[in-house]
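Below, each chain spelled out in residue letters.
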Amino acid sequence: PFAHAYRELERRGVNHKEAIRRDVYHMTRLGFNAFRLHIWDVEITDSVGNLLENEHLDLLDYLVAEVEKRGISTILTLQTNFGNGYPERNINTGAYSYLYEKCDVHDNPKAQEAQRNYVTQFMRHINRYTGKQYGTDSNIVGYEINNEPCHGDTPESTYAYINDMVETIKNAGCTRPIFYNVSHNMGHQASYFAADINGGTYQWYPTGLVAGKQRKGNFLPVVDRYVIPFDTIQGFSEKAKIIYEFDPADIAYSHIYPAIARTFRTAGFSWVTQFSYDPIDIAESNTEYQTHYMNLVYTPSKAISLMIAGEVMRNIRRGETFGEYPADTTFSHCVVSYKRDLSVWNSGDKYINSNTTDVAPKEIKQLTQIAGVGSSPIVTYEGRGAYFLDKLEDGIWRLEVMPDAVPVADAYEKASPDRRVVELMWKSCDMKVSLADLTQNYVAEGVTKQGVQRAEAGVITVEPGVYILRRDDDVDASRWSADVVWRNIKVGEYVAPERYDAPITLV
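Description of the structure in this document. Once a new chain begins, its residue numbering starts again from 1 and follows that chain's sequence as written. This being a predicted model, a pLDDT of at least 70 is required before a residue's local features are given, and a value of 80 or more before pairs of side-chain atoms are given or counted; all residues contribute to the totals for chains, interfaces and linings. Values shown for side chains rest on all heavy atoms present in the structure; no hydrogens or waters enter the calculation.

## Describing the pairing of strand E3 (residues 140-144)
1) Next: Burial analysis of E3 places four of its five residues in the buried class, which makes it a mostly covered element.
2) Next: The rule for pairing is simple: two strands pair if DSSP sees at least two bridges between them. Strands here are runs of E lasting at least two residues and helices are runs of H or I lasting at least four, both read from the DSSP assignment and numbered beginning at the N terminus. Inspection of the sheet shows strand E2 (residues 73-77) paired to E3 by four bridges, in the parallel sense. Each residue of the ladder has a partner; that of Thr77, found in E3, is Glu144.
3) Next: Since E2 and E3 lie parallel, the crossover through helix H4 (residues 109-124) that links them has a hand, and here it is right-handed.
4) Next: Pairing analysis gives two bridges linking E3 to strand E4 (residues 178-181), with the strands arranged parallel. Each bridged residue has a counterpart across the sheet, and for Tyr143 the counterpart in E4 is Ile178. The cut-offs for exposure are 20% and 50% of the maximum accessible area for each residue type, with area from a 1.4 Å probe on protein chains only; residues under the lower value are buried, those over the upper are exposed, and the others partly exposed. By convention a crossover is right-handed if, when the strands point away from the viewer, the path from the first strand over the helix to the second runs clockwise.

What follows is the structure, given as structure tokens:
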């Protein structure tokens, strides 16, 4: 709804709401159940903090409603207190955050008054798509007061500021938990944990930021532990711990996300959100944040690895430990490997692989969900995009196939909308599906395209799209039409960029 993504979509003539629907669908396919967004207050406020009923606020309402429809919970960060330009120049909107320096906005009395005005009106704002008031919306897990604050005054003034904001938010009718960033402004931590907040927010960029090129090497030892140097401060143990953003930046590997998720659970975190997901309509150039790159279509192996990280978060207990590297490369139902650039989730009912692997499924007869890139003992596939296999009922599976993604440039070098870093290819590929629930001559019927084919020794020919696989002619799959809702999607839903002819590229 904000900043560079908003402007770039507008330049391309893309409908913002359609763009939101496309990305939220892919987030749903990746199994995400948590979404965190920091709001650019400079795009929805005036100089004294009045909430502006403009397109940005409308799109925020729409986004919050869309993720809720897909079963995804939200944390909203109320303020960024910096300009809307990056990676371009700022556009002064006349909002209050443009009137103050970042390290003064939390200490200046006039700025504080504007913030109180803004958060009060925001909490009372009714989302026009859900009909819910923001301050009492149960799908919003909580609010972070501001994004990466800069406190230039004393710890005592920081304590007073936080409590003043918490009191203002609650007086505006907010019943949701309130969080504060505790990983900035070293020396102020005692004030954070003494303040009236429900939890602290943390981040982690273990490989640094903005290397200007793709980084290579084994970073698994680097993410072995997450150390909090102030964990003995009074009040620390009483506050929830949230990772508001993290990323192994400038890395194209598909094995490291589950290892990071494991480390976060060991450290006791209950909410973890990666920064950031690139909108599909601009992802071919990676212009939003040069040092980060994440999209299901354009970075399929990384996206599937993040999907596995979600399984790790939901299945490992907080505080659970697994030893030190390399012993902890096998943990719970997960395997991570630097040498093979591979992560696998293999829990019996789910099998997810980020890259080609020979890891055998634990219980092939119990499988209900498969996702992957490349080949495995279940799926042999020569394509270079992600795919999903979901069991709808006995003998009937839904297959979804993404286009091939081919990197043609270093995605972490200086970005430009005119510089594509990944090309997509739509082509026919053989796919062999080996499931106990399907015979060797199962029938594949296109949902997003015409055509029926019978597998030969388990092999069918697929293009990007959605298919229904049924065991044999005696299995009736007629009720699984395109408009039927299954879990949080429709059977016939499919999102990919428009087909184009990729140019000949010499790498």
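Past the structure itself, the notes keep going.
## Focus on the packing of aromatic side chains
1) Next: Centre distance within 6.5 Å is the pairing criterion for rings of Phe, Tyr and Trp, where only the six-membered ring of Trp is used; planes under 30 degrees apart are then read as stacked, over 60 as edge-to-face, and the remainder as tilted. Overall, the coordinates contain 25 aromatic pairs when judged by the stated rule.
2) Next: Taking the centre distance of 5.7 Å and the plane angle of 25° together, the rings of Tyr86 and Tyr289 count as stacked. Of this pair, Tyr86 sits in the loop between E2 and H4 while Tyr289 is found in the loop between strand E7 (271-274) and helix H8 (300-315), placing the two residues 203 residues apart along the sequence.
3) Next: Given the relative accessible area of 48%, Tyr86 is considered partly exposed.
4) Next: When the ring of Phe322 is compared with that of Phe331, the centres are 5.6 Å apart and the planes differ by 55°; the resulting orientation is tilted.
5) Next: Since its relative accessible area comes to 2%, Phe331 is described here as buried.
6) Next: Put simply, the rings of Phe193, Tyr202, Trp204, Tyr226, Phe230, Phe236, Phe246, Tyr257, Phe264 and Phe269 pair up and form one aromatic cluster.

## Some thoughts on the state of the cysteines
1) Next: Throughout, a disulfide means two cysteine sulfur atoms within 2.5 Å of one another. Taken as a whole and judged by the stated rule, the model has one disulfide.
2) Next: Paired by a disulfide, Cys103 and Cys150 hold their sulfur atoms 1.8 Å apart. The chirality of the disulfide connecting Cys103 with Cys150 is right-handed, given an S-S dihedral of about 80°. Of this pair, Cys103 sits in the loop between E2 and H4 while Cys150 is found in the loop between E3 and helix H5 (155-171), placing the two residues 47 residues apart along the sequence.
3) Next: On the basis of relative accessibility, which here comes to 41%, the residue Cys103 falls in the partly exposed class.

## Overview of H5
1) Next: For H5, which comprises 17 residues, the first-to-last C-alpha distance of 24 Å matches the rise-based estimate of 24 Å (1.5 Å per residue) to within 8%.
2) Next: What H5 keeps buried is the set Thr158, Tyr161, Ile162, Met165, Val166, Thr168 and Ile169. Angularly, the buried residues of H5 cover 165° about the axis, an arc narrow enough to put them on a single face. Opposite its buried face, H5 presents the exposed residues Glu156 and Asn171, each directed more than 90 degrees away.
3) Next: Buried-residue contacts for H5 involve H4, E4 and helix H6 (189-194). By this rule the span expected of a helix is its residue count minus one, scaled by 1.5 Å. Note that the arc is defined by the directions from the helix axis to the C-beta atoms. Contacts are assigned to residue pairs with any non-hydrogen atoms lying within 4.5 Å of each other.

## Thoughts on the side chain of Glu493
1) Next: Tracing the sequence through the fold places Glu493 in the segment after strand E24 (489-490).
2) Next: Side chain to side chain, Glu493 and Arg70 meet in a polar contact 2.7 Å long.
3) Next: Sequence-distant contacts of Glu493, that is, excluding residues within four places in its chain, are made with Tyr25, Arg70, Arg398, Glu400 and Val466. Side-chain atoms alone can form a polar contact between residues adjacent in sequence; in general such a contact is a pair of N or O atoms within 3.5 Å, and within protein one must be able to donate a hydrogen while the other accepts it.

## Structural notes on H8
1) Next: The end-to-end C-alpha distance of H8, which contains 16 residues, comes to 23 Å, matching closely the 22 Å that a straight helix rising 1.5 Å per residue would cover.
2) Next: With 14 of 16 residues buried, H8 lies mostly within the body of the structure.

## Some thoughts on the pattern of salt bridges
A side chain with one charge can pair with a side chain of the opposite charge if their charged atoms come near.
1) Next: Each reported salt bridge corresponds to a side-chain nitrogen of Lys or Arg within 4 Å of a carboxyl oxygen of Asp or Glu. According to the stated counting rule, one finds 34 salt bridges in the structure shown.
2) Next: Notably, a salt bridge pairs Glu493 with Arg70, separated by 2.7 Å at the nearest N-O pair. Taken together, the positions of Glu493 in the segment after E24 and Arg70 in the loop between helix H3 (55-69) and E2 put the pair 423 residues apart, joining distant regions of the chain.
3) Next: Asp224 serves as the salt-bridge partner of Arg262, at 3.6 Å between the closest nitrogen and oxygen. With a gap of 38 residues between them, Arg262 in helix H7 (residues 256-266) and Asp224 in the loop between strand E5 (199-204) and strand E6 (240-246) connect regions that are remote in the sequence. There is no split in this pair, since Arg262 and Asp224 are both buried.
4) Next: Shared partners join several salt bridges into a network, and the residues in it are Arg7, Glu8, Arg11, Arg12, Glu88 and Glu284.

Take it as geometry only, folks, not as evidence of what the structure does.
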